[in-house]
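Notes for the structure review
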Amino acid sequence: MLRAGELKIAAKLPADGCAPEEAQAYTRWLATHHYENFNVASWLLPKELHQHFYNLYAYCRWADDLGDEIPVRERALELLDWWERELNACYEGRPSHAVFVALRETVVAKDVPKQPFADLLKAFRQDQVVKRYPTWDAVLDYCVYSANPVGRLVLYLCGYRDEERQKLSDATCTALQLANFWQDVSRDLEIGRIYIPLNRAEAHGLSEQDIAGRKFDARYVSLMKELIEYTRALFEKGMPLAKKVEGKLSVDLEMFSRGGVAVLDSIEAMGYDTLHRRPEVSKVKQVGLLGRALITHVLGGSDKRRKGGFAREGSDYAAAESTESEISASYSHCHQIARRAHSNFYPAFFLLPKAKRDGIVALYAFMRLIDDVSDEGADLAAKQRGLARWRAALDEALTGQSQAFDGNAARSLQGGDLYGQREVLPALVDTMERFRMPARYLHDLISGAEMDLTIQEYPSFERLKEYCYRVAGTVGLTCTHIFGFSDSRALDLAEKLGLAFQLTNIIRDVREDYSIGRIYLPEEDLARYGVAKEDLGRREATLGVRELLRFEADRARKLYEEGAQLLGLIEEDSRGTLWLLVHTYSALLARIEWVDFAVFGERVRLSKPEKIMLMAKARFGRHTEENILAKCDRDRRRAGGAVGGRRAG
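Treat the numbers as computed from the prediction; the structure is a model and nothing was measured. (Residues numbered from 1 in each chain as written. Predicted model: local features only at pLDDT ≥ 70, side-chain atom pairs only at ≥ 80, totals over all residues. Heavy atoms only, no water.)

Counting its secondary structure elements, the protein contains 29 helices and four strands. Split into buried and exposed, the 649 residues of the protein put 54% on the buried side. Summing over all exposed atoms, the protein offers an accessible surface of approximately 29,200 Å²; the carbon and sulfur share of this is 49%. (Helix = DSSP H or I, 4+ residues; strand = E, 2+ residues; numbered from the N terminus. Buried < 20%, exposed > 50% of the residue type's maximum accessible area, 1.4 Å probe, protein only. Areas by Shrake-Rupley, 256 points an atom, 1.4 Å probe, with all protein chains shown as cover.)

With 20 residues, helix H19 (residues 380–399) extends 29 Å from end C-alpha to end C-alpha; this agrees with the ideal 28 Å at 1.5 Å per step. The N-cap residue of H19 is aspartate 379: its side-chain oxygen and the backbone nitrogen of alanine 381 are 3.1 Å apart. In the stretch just after H19, glycine 400 is the one whose phi turns positive, near 80°. (Expected span 1.5 Å × (residues − 1). Polar contact = N/O pair within 3.5 Å; in protein donor to acceptor, adjacent residues only side chain to side chain.)

All right, on to the pattern of salt bridges then. For the structure on display, the rule yields 48 salt bridges. Here aspartate 81 and arginine 125 are joined by a salt bridge, their closest N and O atoms 3.1 Å apart. Separated by 44 residues along the polypeptide, aspartate 81 in helix H4 (residues 73–91) and arginine 125 in helix H6 (residues 115–129) bring together distant segments of the chain. Between glutamate 466 and arginine 470 there is a salt bridge; the shortest N-O distance is 3.1 Å. A residue pair is termed a helical-turn pair when its members lie 3 or 4 positions apart in one helix, as glutamate 466 and arginine 470 do in helix H22 (residues 461–483) at four residues. In this structure glutamate 466 comes out as partly exposed when scored by relative accessible area, which is 29%. Overlapping salt bridges, with partners in common, bring together Asp210, Lys215, Asp217 and Arg219 in one network. (Salt bridge = Lys/Arg side-chain N within 4 Å of Asp/Glu carboxyl O.)

Okay, the packing of helix H3 (residues 47–68) against H4 next. It is at 8 Å that the axes of H3 and H4 come closest, and there the two elements cross at 155°. As judged from the angle between their axes, H3 and H4 are roughly antiparallel. Each of Tyr59, Trp62, Ala63, Leu66 and Gly67 in H3 lies in contact with H4, whose residues at this interface are Ala76, Leu79, Leu80, Trp82, Trp83 and Leu87. The residue inventory of the contact of H3 with H4, partitioned by class, reads 10 nonpolar, one polar and no charged. (Axes fitted to C-alpha atoms, helices over the stretch in contact; angles between N-to-C directions. Parallel < 35°, antiparallel > 145°, perpendicular 65-115°, else oblique. Contact = heavy atoms within 4.5 Å. Nonpolar A, V, L, I, M, F, W, Y, C, P; charged D, E, K, R; others polar.)

Attention now moves to unusual backbone geometry. A positive phi angle, close to 75°, is found at tyrosine 272, a residue other than glycine. Residue placement: tyrosine 272 occurs in the loop between helix H14 (247–269) and helix H15 (283–300). Residues other than glycine seldom take positive phi values, yet aspartate 596 does so here, at roughly 60°. Relative to the helices and strands, aspartate 596 resides in the loop between helix H27 (575–594) and helix H28 (608–620).

We now examine the nonpolar core. Phe366, Leu464 and Tyr560 are the most contacted members of the largest nonpolar core, which totals 105 residues. Here this core takes 12 residues from H22, the largest share from any one element. Excluding its chain neighbours within four sequence positions, the residues that come into contact with phenylalanine 366 are Trp390, Leu394, Val424, Leu425, Leu428, Leu442, Leu445 and Ile446. Judged by nonpolar contacts, the second largest core, of 45 residues, contains Cys60, Phe100, Ala118 and Tyr160. (Core = buried A, V, L, I, M, F, W, Y, C linked by side-chain atoms within 4.5 Å.)

Helix H18 (residues 354–375) packs onto helix H16 (residues 324–341) with a crossing angle of 65° between their chain directions and a minimal axis gap of 8 Å. Between H16 and H18 lies a crossing whose hand is left-handed. Here Tyr331, Cys334, His335, Ile337, Ala338 and Ala341 of H16 come into contact with H18, specifically with Arg357, Asp358, Gly359, Val361, Ala362, Tyr364, Ala365, Arg368 and Leu369. (Left-handed = near helix turned anticlockwise from the far one by under 90°.)

Averaged over the protein, the pLDDT score is 85; the fraction of residues at 70 or greater is 86%. Segment residues 283–322: pLDDT under 50, and 83 contacts once partners within four positions in sequence are set aside and those in other chains are kept. (pLDDT = per-residue confidence, 0-100.)

Looking at helix H7 (residues 136–146), one finds that the buried residues are Trp136, Val139, Tyr142, Cys143, Tyr145 and Ser146. Close packing links the buried residues of H7 with H6, helix H8 (148–157), helix H9 (163–183), helix H11 (198–203) and helix H13 (218–238).

Laid out in structure tokens, this is it:
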């Protein structure tokens, strides 16, 4: 039926009656090469659905091109009739065209009804004969056939068949179609179409001839404002759908809605003149939309809002009757501290179940406040007193005894409350009790902060390891108790990862640390590579410094490789968080290697889009020891590079 060269997408089309495998290879190629935006959507969806979406996409793409890429109306209608006959043959179990050979697999596997496919063809036929729409009802009726079937087909593929979700999907799809109409007014005029309801244009003093003549003035601005307001309301109406579907589809749906709203925002930002140009949503904006959709999903999740008490592993946990409200308020305060700190770790926490999330945030808040004591101000004695008071306050909270320890002597705790002490400690103690966390880890962490007050240099790596254990190994150990484990090897591996994190920080911040009088690189290593201490304060890294940092990076890389085994030893619901933390830090090390240890200028970091992508992979990807570490180019590293707070966190 189709003539040679009549349609570009037919260039690689397999012969009629081809094998399903060959047909599916074609639909996969079409979906991933013909229009790049589709690949993003399919990546967010479960892998087992990818081929089904490719098949669906191929059907829609062919139908659309038969309607829009064939210049003669009669021929386009003839081909659309042919396409419907192929659709009927597919549902009768005798597909011929390669697209329908592939689609048959989806129709059977997902029990998809024929009606949505047929409705789409009705819209494509309508485009051949209807060029104007007199009222809102006429435009919306067109959307029933041109847009809504796509949303319903997606729901069918994902296993949703209820009327409630379909109605929400209809609202979203209609809104997307309308947003597309308003941004494409100039393009549609070129092919003789106007989708703006003419009665609404007339209400603003505009005639069909004014629109066709591209007369832009205050009347058109007023009209476009009304159309956009109506469309925004539809997006809002359909938004609850994202919270009523499985996680991966949820992000995809929310991103489509956010993208549609972004189109409306772009129309407003350009002054509403879609008669002469088309608004664009930049790639940077698209990444931002994805990021916000992910963050909304990850941070919001499907958890219900807190109503007293805290869930643990799926059950409701509540502290003792007398302290329940105090503990609840304490956890809320810990979340506030973590949010204000803008830590890269904070989004990772929300990949955990609620009880573990609260626990790790309580730990983070405590560690953040300890860090603040050792970093703020110049009075050494005041810092030492502050850390001693935190140590005593921790013991008092754990034992209920009001005393502080000074060597072997006990004395009353004096000097008033520390900032955050009363707010954070109830949640911290609750976390320690629930997850059977030894108090010595937190005392060791305070000892690490005390080391930073008086020790500026480290003679050997063994001495540095002691410091790294205290400020970072303890972080890994406490987090692993929250992650959950049964094999004692997990603790040793957690300590190794903490050391790897800290070495990465030390390498990245070597010049910054030197500027405040600290050298964490072991003196024995400086001597081995002929590096003078003053070399660490230069504007650029010398060859000796680069070789020294490469040596430390190899040391860290080995620790990452050994510590990666922890992933298989912790509870499954915690693996996404650990994967994100380890992959992020190992990617940072790989980036440092890639720039040939040029860490003396602008701070080496991962970009916001890269972080968003890692967060998406942590939330939706498969977590294994093989993919937990960021890959690096070994050859590049040997030549001097790799691809890809002082304390960990």
